[in-house]
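# A structural walkthrough
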Amino acid sequence: MSAVLVIEDDDRIRLSLVLALEDEGYAASGAPTAEEGLAAQRRQPADTVLVDLMLPGVDGFECIRQLRRSDDVPIVVISARDDTHDIVAALEAGADDYLVKPLAVKELTARLRALRRRARVALADEPPVLRFGDLEISPEAGEVRLHGEAVAVTRTEFQLLCELGEHPGRVLSRQQLLQRVWGYDGGDERLVDVHVGRLRQKIEDGSGAPKHLVTVRGLGYKLQR
């Protein structure tokens, strides 16, 4: 049974989500603040965390950042705020996905199933090492190294790198990456763009001209040797 933690300050929404997830077979629990949610995750880690952005005290953005410092758990933002700035900021803070309130339970559970499928794929047998010059990706070990030094990436960033790495030099469109990495048939391409941007901060030299993770204008992205 997959465990889901819902960090949401609105008692009605939090309780309804917990009950709906339990009806779908999840072991769901809730927390009304970021502080309580972070403590609950340290005490008994959930498999997925849902985080509202408008939390009292420590807000959702900081909650995500604190989760990411020590945990690669999949994080899904749930928020009534749907403008581009908030969505991008939440993804850049470390979220894997987002949903806009009011939530449709079927869509939420579909996203959770996609996250679980991605976790299973990450455990499957893959080529031992994918090398792109000074960048090395080890699917079996779950490691990324640059100049021989370990690079800390999230689970979603790692799966995105692996998908591109398994097709060296081949351009994959944003929609292809949404389907292969996130498991979505269609969706918001900003998910891909933000995760690519975060990866570049970790695997490129910051010169402004990426040498590994390259944009092919109008087509998509490729990982080149």
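Figured I'd write up the structure that's included with this text. (Residues numbered from 1 in each chain as written. Predicted model: local features only at pLDDT ≥ 70, side-chain atom pairs only at ≥ 80, totals over all residues. Heavy atoms only, no water.)

## Focus: the sheet that holds strand β7 (residues 135–138)
Read from one edge of the open sheet, four strands run β6-β7-β8-β9, paired in antiparallel fashion. The open sheet terminates on both sides in strands that have one partner only, identified here as β6 (130–132) and β9 (149–150). Pairing geometry for β6 and β7, over three bridges, is antiparallel. Following the sheet pairing, leucine 130 is matched in β7 by isoleucine 137. (Pairing = 2+ DSSP bridges. Helix = DSSP H or I, 4+ residues; strand = E, 2+ residues; numbered from the N terminus.)

## Quick look at the sheet that holds strand β2 (residues 27–31)
In space, the five strands of this open sheet follow the order β2-β1-β3-β4-β5, with parallel pairing throughout. Bordering the open sheet on either side are β2 and β5 (97–100), each of which pairs with just one other strand. With strand direction ignored, the average angle separating the axes of adjacent strands in the sheet is 20°. Judged from the four bridges that link them, strand β1 (residues 3–7) and strand β3 (residues 48–52) form a sheet pairing that is parallel. The residue of β3 that forms the bridge with isoleucine 7 is valine 51. (Axes fitted to C-alpha atoms, helices over the stretch in contact; angles between N-to-C directions.)

## Let's talk about the pairing of β1
Within β1, four of the five residues are buried, which leaves it mostly tucked inside the rest of the structure. Both β1 and β2 contribute to a ladder of five bridges, which runs parallel. Across the sheet, the residue bridging to leucine 5 is serine 29, located in β2. In this fold, the crossover linking β1 to β2 by way of helix α1 (residues 11–23) has right-handed handedness. (Buried < 20%, exposed > 50% of the residue type's maximum accessible area, 1.4 Å probe, protein only. Right-handed = clockwise from strand over helix to strand, strands pointing away.)

## Focus: the pattern of salt bridges
Using the criterion set out here, one finds 18 salt bridges in the structure. For arginine 81, the salt bridge identified is with aspartate 86, shortest N-O distance 2.9 Å. For arginine 81, a relative accessible area of 29% puts it in the partly exposed group. Between glutamate 163 and arginine 180 there is a salt bridge; the shortest N-O distance is 3.4 Å. Pair noted here: glutamate 163 is in helix α6 (residues 155–165) and arginine 180 is in helix α7 (residues 174–182), with a separation of 17 residues, a long-range link. In this structure glutamate 163 comes out as buried when scored by relative accessible area, which is 13%. Among the charged side chains, a salt-bridge network with shared partners connects Glu8, Asp52 and Lys101. (Salt bridge = Lys/Arg side-chain N within 4 Å of Asp/Glu carboxyl O.)

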